[in-house]
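Chains, contacts and geometry: an overview
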Amino acid sequence: MLIPCPHCGPRDLAEFSYQGDATRVRPDPASTDMKAWYDYVYNRPNPSGPHREYWQHSGGCRAHLVVVRDTLSHEIISVAFAHAGLNTAEGRQ
Amino acid sequence: MAEYSALSLLKNALSGNKDWKPAWRKPEPKPSYDVIIVGGGGHGLATAYYLAKEHGITNVAVLEKGWLGSGNIGRNTTIVRSNYLLPESIRFYDFSVRLWENLSHELNYNVMFSQRGILNLAHSPAQADEYIRRGNAMCHGGGDGVWLTPEEIARKVPGVDLSASARFPVVGGLLQPRAGTARHDAVAWGYARAADRLGVDIIENCEVTGFLREGDTIIGVTSMRGEIRARKVAIAVAGSTSRVLRLAGIERFPIESHVLQAFVSESIKPYLDCVVTFGGGHLYMSQSDKGGLVFGGDLDGYNSYAQRGNLPLVEEVMGEMVAMFPAVARLRLLRSWGGVMDMSMDGSPIITKGPLPGMYLNCGWCYGGFKATPASGFSFAWTIAKDEPHAINAPFTLSRFERGAVIDEKGVGPTPKLH
Amino acid sequence: MSARRATGGGLIDRSQPIRFTFDGKTYTGYAGDTLASALLANGVTLVGRSFKYHRPRGIFTAGIDEPNALVTVLKDGVREPNIPATGIEIYDGLTAESQNRFPSLEFDLAAVNQLAGPLFSAGFYYKTFMGPVIGPLKGTRFWMFCEHFIRRAAGLGRAGYEKDPVRYEKMNAFCDVLVVGAGPAGLMAATEAAKAGKRVILAEQDPRLGGSANWSGEEIGGKKATEWAEVKAAELTALDNVQILTRTTVWGYYDGNNLAAIERVTDHLPAAPIGVPRHRHWSIRAGTVVLATGALERPLVFPGNDRPGVMLAGAAERYAREFGVLPGEKIAVFTNNDSAYRAAAALKEAGAAIVAIIDVRPEISPAARALAEQAGIAPLTGHAVTDTVGKRLTKVMVQHFDAATGRLSGDPRPIEADCLVVSGGWSPAIHLASQAGGAPVWDGKLQAFLPPEPNQKWVGAGAFTGALTTAEALSTGRDAGLKATGKKASRVKLPEVAAPALDPFPAAVFEIKAKGKAFVDLQHDVTADDVRLAHREGFVSVEHLKRYTTLGMATDQGKTSNVPGLAIMADARGLPIEKVGTTRFRPPFSPISIGSLAAERHWRFKPDRLTPMHDWHVKRRARMMEAGLWHRPMIYGEPGETVEQAYAREAAAVRRSVGICDVSTLGKIAVKGPDAAGFLDHVYTNVFSTLPVGKARYGLMLREDGIAFDDGTTWRLGEHEFLMTTTTANAGKVMQHLEYYLDVVWPQLKVHVTSVTDQWAGAAVAGPNARKVLQACVTGTAVDNETLPHMGIVHGEIAGAPVMICRLSFSGELAYEVYCGAGHGRHVWEALMAAGEPFGITPYGLEALGALRIEKGHVTGAEIDGRTTARDLYLDWMLSKKKPFIGSALMDREGQIDWSRLRLVGVISLDGRPLGGGAHIVEKADGNGLGTSIGHVTASCYSPALQKYIGLALVRGGKARHGTRAFLSDPLRKRFGQVEIVSHHFFDPEGKRLHG
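Each chain has its residues counted from 1, running along the sequence as written. Whichever chain is written first becomes A and whichever ligand is written first becomes 1, with later ones labelled in order. Whole-chain, interface and lining totals are the exception, using all residues; otherwise, since this is a predicted model, local features are given only for residues with pLDDT of at least 70 and side-chain atom pairs are given and counted only at 80 or more. Side-chain figures throughout are based on the complete set of non-hydrogen atoms in the structure, without hydrogens or water.

Within an unreviewed UniProt entry, the label attached to chain C reads Sarcosine oxidase subunit alpha family protein, and the organism entered is Chelativorans petroleitrophicus. What UniProt records for chain C under Sequence similarities (unreviewed entry) is the sentence "Belongs to the GcvT family." UniProt positions are given in the numbering used here, feature names are shortened, and annotations may be inferred rather than shown by experiment.

Under an unreviewed UniProt entry, the name given to chain B is Sarcosine oxidase subunit beta, and the organism recorded is Chelativorans petroleitrophicus. Under the heading Sequence similarities (unreviewed entry), UniProt records this for chain B: "Belongs to the SoxB family." Of chain B, the UniProt comment under Subcellular location (unreviewed entry) reads exactly: "Cytoplasm".

Below is the structure:
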């Protein structure tokens, strides 16, 4: 697998650490909605097909990336920084 | 259908092996059943068998998407063991080992369960303490565990690198003598044949495409071979759990599907007489009766339904092989393959009634499903027949995640790839 | 020269004789020979025994598809089993032996298995060996008794236990175009891509480029094909942008056009030159891959088709043309297609007599007829071979055969022959394309599977695509090269080919059904009847067939048996082959050494992490132990001391005067930025935003699920600057944890984290005299109680090196952690040692550190084991109620506050004997010392302060059991005895000493 890191360029799978589902949303830190917390910590969509997921380029720039990857073919469909600000030129300044 | 025995083999050999009958029928699906089991893998077939055998429920269909046993029952590294740490796990898996011990007789099918033992090598005093804790837990839970010194290991497993200069020197090992290996395909075939003989319909090439519902209640399935109704629909599709639950409208569930690779070397003469695991990494190895070294390591570590892994993990596993057994560098890798694992949030399975009315669910086996096959089938059949769990599967609920009552053998928390 | 070696021809070097040994007998071959060609030249046709029936077997192929001629090579003092003789290049002193025979290859006792052949039908293991249900052999015992013998009979070669002494290495490579296979198609593709300026890697599994050009006998571009290939190879070699890898098998096609290859660098040499690896593992990233992997010939299935002397026709042609070797002197040919006629002509030309050409087809092409004429024999069309005779082949039996119905007629008649060459058509080698993904497509005319549509970036060329002629290979090769470059116009001229116009399509005949054992999978002894038995018993899907009969599971991975097996199943089911399916090919394409994949991990599995003071420890006789990847001192043993005596001495020295411990391995993370303090409030259970600059605080982190994760002290070095310390084991995990939250959850926070573990060296100086030691060596700051109170931080110098000192204590004594730049680590350490000398400063290792912390009841990884909560560890006081933190939402769920949870206590041995980590605690012990476990000992030591054996334990009920007695139950170490459960704060519970 080859992941095109927006900062470092295309890099081998071995340089990355998988950080799982990128669709989950962490409740507000002060939230006491236990269902929402449970859903965030334990539930996963786990689709067969395109999957939105985090990869950290731990052997490179260490940025977390949001990768859309097909879980049936392992084809990488899109890659962006998880830190939304980094996806624009101004953000990277 | 005739019993299998040395005598029947001889009789058939004399008549040119022309009179053998199919191991199981290939029936057309009936319009309705008492119980439908979705998934013709080891657990689904075992469940069907125990429903018929233990509970007299024989109006049962097992629906398999492809060929019978095409999932992880035919892709694993065939290890049977109950060397667990937590009491819930020990009780469940030791029950399973006891079923294994009589399984060939019970099924009239030789599943080749060979109790040659499993040895976990420990490489530091801290790791030794962890393993000893586990071994002691096994002994207290009614199982068997023995501590071996490096000298004893040298005698039992020649070839292990016991030198002080090893990167991870061996300080001892936890042996479970009753553990071992079995012939994986034979387990699927044996359960299929035995269930079939009790009247269960095993229907291959019959993918489930949806669920029939009455309100919230599941009352059957739609399939490639039409609608099939049932009072109870049981799901045992590890690897595809999320996919099948999605058909029932459950979009999020505490399971991730991950690919695990397995490997086999060329056949060699008897070389290794037990299962060995390497504590300096994640590796398990045994030798099949055919002579190949069968081994595997960690997950590739990303969600996948592709039954194929990648090169970095292959390199890591071979590195571990050679670190543990420096002589095998000279042997050759014959074949590798991938399976899709149902990784749960605490590394333990879920065997439960629900989550929808009329539905029963058996999933989350991570990569420990093979050894569990008999106990899983036994307790799932019990749950389906009696609408309540058997004592051995009572802790393995779905609600445990919500309640914080997880069964986390590795202590790594809700990160599926680490279990 | 033997009768089997032609006097001229072939690509071997007759001026370079080479001596080698097979089964203890010495033979001579020539440079360029394989072991197989050299044995054939010496008239050796029996080289192995089969897997199940131990039938005598000869050389069947000339390449990697060899099912029979597997040998063990003895080299470098170790054994390498199961190597096809067809792939071993001979060298002076090569020593090989045959396998799977006892007592000898010529007379193998286990051949008696053949007598019981029908009993050993497919699946027979499953139907018997269950044994009695009662008595001593009940359960699994009877099977295990039988298994013992079955295992000994199975297996092939014998492996050794000696460490493989050689070196392997890995190469990462990148190219625009990877061409797999250097036959005419591959050479053309590489040339085209190279001329377009692309970076090209050309990989060829044989030692010589050219592929079929080396044995086709055709002409390309007006030259002998082999000469054309030589010129092409020379042209490519001269180009800077082309890398040619010979003896290199591309064996794996992974995601993202990542291909794996193995280069056999020195297998053909008597010994590896210094510094050169035996094998090199290549991980290649290719822009585009050209698959020019050729085709593999299939045999026909008929009784006796496994006898030594039976060989694939294409292989025989190779032996004649490439090696100048005759596989026999009187050769019969049996075929369903034209390609075998070319072999017949080649064998005739090399000096053999062709005694018959038996063709199942009623009609053959004019080109085939012309070749038969060259071979000097009129073909027997509409005939089939129905049996063979002789331990080594002496006769073949032939009958009339109707290819349309498969029916035999007339009387069988014998034809004397010492060799029978067979062709059942050709299957494109589509393995890599199948690995890349996609299902192969059946072609009814070629009677073979063609590659799927690419779903990764590859292009096919040559016989791989089903285009079997050399002219097509050249044109498809050029086209593939063009496609790979993205260019429109080719820069390469297509050479003319002079070759017979053979009919590429075989007759759809796979099996001759006659009486006798007809083998489909030669190595695994799977017969056509086994396939039919599988069908009868319902094992009809391809995967069931494979698994039930073991068809295609041998070391040749079914290269010759796949399609015939499928065809026989299709016939039994009455279905066309494409409806029966094919199995998916998986890596590796052919077996590869495990050592090559381990590469640099062989001998050094993981890196070693050494602290700056490592050499000092070693010099000081420290016994080192592994902690994570770090090497840390366990004890500094004095001569004659036991481990326990050593750590008790070291720990006592700390309590009495002063000790020093290397803590460089602790994880250290710089946390900086205007939001750093707020971020730490999220991350830790306790509050850090209130921490004054110049002070440190002990912190606890939870996971999201509310389970304890890690602990350590974090130092506020400035308003916006913290230095976080973590446990050694969790340094990497905590770093990732922080980065995740900053990148993903709270990207708005202005915080930056940097791992500085390796940048700082650290020494803990602990004991009542610790301050005196510092006072003796620290300059630039005072270290008195006022300047440096408990949890205070100062900056100064020791022996000229800048240091940062924090007063904190793990041991419970007055203690300091002294940090300096890693490069000054040893210098500062030695200065501290010198300053401590008057106080008898004692270096202490992990065991003493452990004893000191157990006495204090401090937790580490044995207690923060990923299952315990803060409450379980009685760290409730650290859970802030003023703010949410990671884990606060879920930490108090019912299962995590249940009464039955294991909670932290202390235990004291009541029998004066040691406790062991991992021992369980039971309330009541039965006669065997067992009982219901209520918990376990997490850590234990001899406490010099208490002069008792003590431990920490996690037990059900925790505190409620203080003051009660229970039993230690450690069946693994056979240690049983009484313990008292007490508070885990054994020593100085009020913490008076650390204020010193």
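1. Here's the deal with the packing of helix H4 (residues 184-195) of chain C against helix H5 (residues 225-237) of chain C
Residues and elements named next belong to chain C. Angular values range over 0 to 180 degrees, each being the angle between N-to-C directions of two axes fitted as lines to C-alpha atoms, with helices fitted over their stretch in contact. Strands here mean DSSP runs of E at least two residues long; helices mean DSSP runs of H or I at least four residues long; both are numbered from the N terminus. Look at H4 against H5: their axes get within 10 Å of each other, and the N-to-C directions meet at 30°. Compared by their axis directions, H4 and H5 come out roughly parallel. Once H4 is placed against H5, the crossing between them reads as left-handed. Residues Pro184, Leu187, Met188, Ala190, Thr191 and Ala194 of H4 form the contact with H5, whose participating residues are Trp228, Ala229, Lys232 and Leu236. Polar here means any residue other than Ala, Val, Leu, Ile, Met, Phe, Trp, Tyr, Cys and Pro, which are nonpolar, and Asp, Glu, Lys and Arg, which are charged; Gly is therefore polar. Along the lines of polarity and charge, the residues of the contact of H4 with H5 split into eight nonpolar, one polar and one charged. Roughly parallel here means an angle under 35 degrees, roughly antiparallel means over 145, roughly perpendicular means 65 to 115, and every remaining angle is called oblique. Handedness of each helix crossing follows the sense of rotation of the near helix against the far helix: counterclockwise by less than a right angle gives left-handed, clockwise gives right-handed. Any two residues whose heavy atoms approach within 4.5 Å are treated as being in contact.

2. A word on the packing of helix H3 (residues 87-101) of chain B against helix H10 (residues 369-386) of chain B
Residues and elements named next belong to chain B. At their nearest, the axes of H3 and H10 sit 8 Å apart, and the two run at 95° to each other. Classed by the angle they form, the pair H3 and H10 counts as roughly perpendicular. Contacts between H3 and H10 involve Phe92, Tyr93, Phe95, Ser96, Leu99 and Trp100 on the former and, on the latter, Phe370, Lys371, Ala372, Thr373, Pro374, Ala375, Ser376, Phe378 and Ser379. Classifying every residue of the contact of H3 with H10 by side-chain character gives ten nonpolar, four polar and one charged.

3. Focus: the nonpolar core
In this text, buried Ala, Val, Leu, Ile, Met, Phe, Trp, Tyr and Cys residues form a nonpolar core when linked through side-chain atoms within 4.5 Å. The rule is simple: take the accessible area with a 1.4 Å probe, protein chains only, and divide by the maximum for that residue type; under 20% is buried, over 50% is exposed, in between is partly exposed. Membership of the largest hydrophobic core comes to 203 residues, with the highest contact counts inside it found for Leu35(C), Tyr319(C), Phe334(C) and Leu420(C). Looking at this core element by element, the count peaks at eight residues for helix H7 (residues 184-197) of chain B. Ignoring any residue separated from it by four or fewer positions in sequence, one finds Leu35(C) in contact with Phe20(C), Val71(C), Ala85(C), Ile88(C), Ile90(C), Leu94(C) and Ala96(C). Formed by 67 residues, the second largest nonpolar core is a distinct cluster that contains Ala248(B), Ile250(B), Leu691(C) and Val745(C).

4. Quick word on the pattern of salt bridges
A side chain with one charge can pair with a side chain of the opposite charge if their charged atoms come near. Salt bridges are identified by distance alone: a Lys or Arg side-chain nitrogen within 4 Å of an Asp or Glu carboxyl oxygen. Following the criterion strictly, the structure yields 97 salt bridges over all chains and no others. Note that Glu256(B) is salt-bridged to Arg44(A), the shortest N-O span being 3.1 Å. Taken together, the residues span two chains, with Glu256(B) in strand S12 (residues 255-267) and Arg44(A) in the loop between helix H1 (34-42) and strand S4 (50-56). Each member of the pair Glu256(B) and Arg44(A) is classed as buried. Linking Arg308(B) and Asp255(C) is a salt bridge whose minimum nitrogen-to-oxygen distance equals 2.7 Å. Remark: Asp255(C) occurs in the loop between strand S13 (248-254) and strand S14 (258-264) and Arg308(B) occurs in the loop between strand S15 (292-303) and helix H9 (311-324); the pair is interchain, linking two chains. Take Arg308(B): its relative accessible area is 10%, and that puts it in the buried class. Overall, the relative accessible area of 2% leaves Asp255(C) in the buried class. A single salt-bridge network, built from bridges that share partners, covers Asp94(B), Arg98(B), Glu101(B), Asp144(B) and Arg178(B).

5. Side note on the sheet that holds strand S11 (residues 223-224) of chain C
Residue and element names in this part refer to chain C. A pair of strands is labelled paired if DSSP reports no fewer than 2 bridges between them. On the basis of which strands lie adjacent, the open sheet formed by three strands has the order S11-S10-S29 and antiparallel pairing. Only two strands of the sheet have a single neighbouring strand rather than two, namely S11 and strand S29 (497-498). Inspection of the sheet shows strand S10 (residues 219-220) paired to S11 by two bridges, in the antiparallel sense. Among the inter-strand pairings, isoleucine 220 is bridged to a residue of S11, identified as lysine 223.

6. Concerning the UniProt feature "domain: FAD/NAD(P)-binding" (unreviewed entry) in chain C
UniProt's feature table lists "domain: FAD/NAD(P)-binding" (unreviewed entry) at residues 176-445 of chain C, given in the numbering used throughout. Helix and strand shares over residues 176-445 of chain C are 23% and 37% respectively, and the end C-alpha atoms of the span are 35 Å apart.

7. With respect to the sheet that holds strand S44 (residues 801-806) of chain C
All names here are of chain C. The sheet built from seven strands is open, its strands ordered S42-S43-S44-S45-S41-S35-S46 with mixed pairing. Across the chains shown, the open sheet's two edge strands, defined by having one partner strand only, are strand S42 (778-779) and strand S46 (842-843). As judged from the two bridges shared by S42 and strand S43 (residues 793-798), these two strands associate in the antiparallel manner. Considered in S43, the bridge of valine 778 is made with isoleucine 798.

8. A look at the interface of chain C and chain A
If you look at the interface, chain C gives 23 residues, while chain A gives 26 residues. Across the interface of chain C and chain A, roughly 2,100 Å² is buried in total on both sides, 52% from carbon and sulfur atoms. On the chain C side of the contact with chain A, Asp255(C), Tyr740(C) and Asp743(C) bury the most area, a combined 26% of that side's loss. Here chain C is connected to chain A by three salt bridges. Arg26(A) serves as the salt-bridge partner of Glu704(C), at 2.5 Å between the closest nitrogen and oxygen. Each polar contact in these results corresponds to two N or O atoms within 3.5 Å; when the atoms are within protein, one needs to be able to donate a hydrogen and the other to accept it, and residues that are neighboring in sequence are counted only if both atoms are side-chain atoms. At the junction of chain C and chain A, the tally comes to 13 residue pairs in polar contact (both at pLDDT 80 or more). With nine residues, the single largest contributor to the side of chain C that touches chain A is helix H19 (residues 731-745) of chain C. Of the residues that constitute the side of chain C that touches chain A, the class distribution is twelve nonpolar, four polar and seven charged. Note on definitions: buried area is the accessible-area loss of two parts on being combined, 1.4 Å probe, summed for both.

9. Quick look at the UniProt feature "domain: Rhodanese" (unreviewed entry) in chain B
When the UniProt feature table is mapped onto this chain, "domain: Rhodanese" (unreviewed entry) is found at residues 35-79 of chain B. Secondary structure content for residues 35-79 of chain B is 31% helix and 20% strand, and the end C-alpha separation is 30 Å.

10. A look at the interface of chain C and chain B
Accessible area lost on assembly of the parts is the figure often given for the size of an interface. Taken together, the contacts link 123 residues of chain C with 114 residues of chain B. Interface of chain C and chain B: buried area, both sides summed, is about 9,900 Å²; carbon and sulfur atoms make up 56% of it. The largest share of the area that chain C buries against chain B comes from Arg151(C), Ile594(C) and Leu972(C), three residues that together contribute 9% of it. Linking chain C with chain B are 14 salt bridges. Across the salt bridge formed by Asp273(B) and Arg151(C), the nearest N and O atoms sit 2.9 Å from each other. At the surface where chain C touches chain B, the tally comes to 70 residue pairs in polar contact (both at pLDDT 80 or more). The greatest single-element share of the side of chain C that touches chain B, amounting to seven residues, is contributed by strand S6 (residues 78-84) of chain C. Grouping the amino acids of the side of chain C that touches chain B by side-chain chemistry returns 51 nonpolar, 37 polar and 35 charged. Pairing analysis gives two bridges linking strand S16 (residues 332-344) of chain B to strand S32 (residues 592-593) of chain C, with the strands arranged antiparallel. Bridge pairing in S32(C) places Leu333(B) opposite Ile592(C).

11. Here's the deal with the pairing of strand S21 (residues 383-389) of chain C
All names here are of chain C. Within S21, five of the seven residues are buried, leaving the element largely enclosed by the surrounding structure. Inspection of the sheet shows S21 paired to strand S22 (residues 395-402) by six bridges, in the antiparallel sense. Bridging across to S22, aspartate 387 finds its partner in methionine 397. Linking two consecutive strands that pair antiparallel, namely S21 and S22, is a turn of five residues; a positive phi of about 105° is found at glycine 390 within it.

12. Comments concerning the UniProt feature "domain: Aminomethyltransferase C-terminal" (unreviewed entry) in chain C
Per the UniProt entry, the sites bearing "domain: Aminomethyltransferase C-terminal" (unreviewed entry) are residues 903-988 of chain C in this numbering. In the segment residues 903-988 of chain C, helix accounts for 0% and strand for 51%; the C-alpha atoms at its two ends are 21 Å apart.

13. Some thoughts on the environment of Val62(B)
All names here are of chain B. Counting through the fold element by element, valine 62 comes out in strand S2 (residues 60-63). Under the relative-accessibility criterion, valine 62 is labelled buried at 0%. Between the C-alpha atom of valine 62 and that of arginine 332, which follows or precedes it by 270 residues, the distance is 39 Å. With residues near it in sequence (within four places) discarded, valine 62 still touches Ile37, Gly39, Gly40, Gly44, Leu45, Ala48, Val200, Asp201, Ile202 and Ile203.

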